[in-house]
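For reference, the chains in residue letters:
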Amino acid sequence: MKKKRLKKSAYVLISVVVISIVGSVSYYLYNSYVTSDKYLLLEKGYTIDEVSFALTNKEIVNTLLKKDYNKNILVFMKEKYYLSKNLDKYLEYKKQNPEIDNDKIVSIINVGADSDWYVNDIKTDLNKGILMIVNKHHYLDEDYNPDDLVTMPLSVAFKGKKIISEVNEAFIKLCKDAKSENLTIVANSTYRDFNYQSSLYKRYKNNKGQIYADNYAARPGYSEHQTGLAIDVSTLKSTMDDFEETKEYKWLIKNAYKYGFILRYPKDKEDITGYNYESWHYRYVGVEAAKIIHEENITFDEYYAYYVE
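Rules behind the numbers
- Residues numbered from 1 in each chain as written.
- Predicted model: local features only at pLDDT ≥ 70, side-chain atom pairs only at ≥ 80, totals over all residues.
- Heavy atoms only, no water.
- Helix = DSSP H or I, 4+ residues; strand = E, 2+ residues; numbered from the N terminus.
- Buried < 20%, exposed > 50% of the residue type's maximum accessible area, 1.4 Å probe, protein only.
- Polar contact = N/O pair within 3.5 Å; in protein donor to acceptor, adjacent residues only side chain to side chain.
- Axes fitted to C-alpha atoms, helices over the stretch in contact; angles between N-to-C directions.
- Parallel < 35°, antiparallel > 145°, perpendicular 65-115°, else oblique.
- Left-handed = near helix turned anticlockwise from the far one by under 90°.
- Contact = heavy atoms within 4.5 Å.
- Nonpolar A, V, L, I, M, F, W, Y, C, P; charged D, E, K, R; others polar.
- Phe/Tyr/Trp six-rings, centres within 6.5 Å; stacked < 30°, edge-to-face > 60°.
- Lys NZ or Arg CZ within 6 Å of the ring centre and 35° of its normal.
- Arc of directions from axis to C-beta.

J.: Honestly, the side chain of asparagine 255 in this entry has me stumped. Any pointers?
T.: Mapped onto the fold, asparagine 255 is located in helix α11 (residues 247-255). For asparagine 255, a relative accessible area of 13% gives the class buried. At 2.7 Å, the side chain of asparagine 255 and the side chain of lysine 258 are in polar contact.

J.: I'm lost on the packing of helix α6 (residues 87-96) against helix α7 (residues 102-110) in this one. Help?
T.: Between α6 and α7, the least distance of the axes is 10 Å, while the angle of their chain directions is 125°. Here α6 is positioned oblique relative to α7, judged by the angle of their axes. The element α6 and its partner α7 pack so that their crossing is right-handed. Listed contacts from α7 to Lys89, Tyr90, Tyr93 and Lys94 of α6 are Asn102, Ile105, Val106, Ile108, Ile109 and Asn110. Its residues assigned to classes, the contact of α6 with α7 comprises six nonpolar, two polar and two charged.

J.: Would you mind going over unusual backbone geometry with me for this structure?
T.: Peptide bonds are mostly trans, and most non-glycine residues show a negative phi. A positive phi angle, near 65°, is found at asparagine 182, a position not held by glycine. Even without glycine at this site, aspartate 268 takes up a positive phi of about 70°. You can see aspartate 268 is positioned in the loop between β7 (261-265) and α12 (270-273).

J.: What am I meant to see in the packing of helix α2 (residues 37-44) against helix α4 (residues 58-66) here?
T.: A pair of packed helices can be characterised by two numbers: the angle between their axes and the separation between those axes. The N-to-C vectors of α2 and α4 enclose an angle of 40°; their axes lie 10 Å apart at closest approach. By the angle between their axes, α2 is oblique relative to α4. When you trace α2 past α4, the crossing you get is left-handed. Along the contact surface, α2 presents Asp37, Leu40, Leu41 and Lys44, while α4 presents Lys58, Val61, Leu64 and Leu65.

J.: Please explain the packing of aromatic side chains as it appears in this structure.
T.: For any pair of aromatic rings, geometry is given as the distance between the ring centres together with the angle between the planes. Counted according to the given criterion, the structure contains 17 aromatic pairs. Ring plane angle 75° and centroid distance 6.0 Å describe the contact between phenylalanine 171 and phenylalanine 261, whose orientation is recorded as edge-to-face. Separated by 90 residues along the polypeptide, phenylalanine 171 in helix α8 (residues 165-179) and phenylalanine 261 in strand β7 bring together distant segments of the chain. With respect to burial, phenylalanine 171 and phenylalanine 261 carry one shared label: buried. An aromatic cluster is built from Tyr81, Phe300, Tyr303, Tyr304, Tyr306 and Tyr307, whose rings are joined through pairwise contacts. Lysine 78 extends its terminal NZ or CZ atom over the ring of phenylalanine 53, reaching a point 4.8 Å from the ring centre.

J.: What am I meant to see in α6 here?
T.: Of all the positions in α6, only Leu87, Tyr90, Leu91 and Lys94 are classed as buried. On an axial view of α6, the arc spanned by its buried residues comes to 95°, and they lie on one face. Looking at the packing, one finds that the buried side of α6 touches α4, α5 (71-77) and α7.

Purely spatial values, then, with no claim about function.
Written as structure tokens, this is what we have:
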């Protein structure tokens, strides 16, 4: 009888232990789940698919958990040129401009085109070399002059035109290859110092007004021509204004990147570059960068913000 009681007590004890273990495990599993990233994201309102995407990157998860639910967060994160530092700006801009496509918003914010030109001035980082940027937000000092300027040969440029040595060599090769196809490309405007640009801008402003001047000419210190990396081109028979109608223009659009040059101010990118379309203005960035810009159909401003800065 005593043995039966002991046996029964053992069963009870074992049952209690098992129940306790099961309860502890269940509690642990439950607690682990309700504190998991998956559960917390679902609770915020994200869908299973959105959560699955987010869980592939801990940085994304942390960002989502810190913010209130917003369907546009993950949409922006999936954009090719998304920069995490600009997320809040993307969201605010989208809120104010819901009709604008998300990829366009990313570009606008990345290059600082959401703010007025010539307001948030940043001194150009000269350490970037041929990838330095000069635009309506980035400026060069008045006394900046490139170290290795050379005079371009008359075979590829009008008399007295100067450019950086590396750019000169690349442009000569470009012109030589174009010539082999009976095309003549010449440089008619290259390096311009601060004072020259100041006079040019003032002339535009006096003749056409401030708005016109800012659309077609850079203010002194904000011109790419001061870097010695920019070339305005034409043919011997065309001017810059009708260059787009030439065979040389069509050849450059297809081939310029192979020599390290890009069309600096493309059509339909005015809100990104801050300048009206210029079919004649080419900028040297090197073959590697030019290839990416050409293949991805982006401006140098967008390239700089995503790949360089």
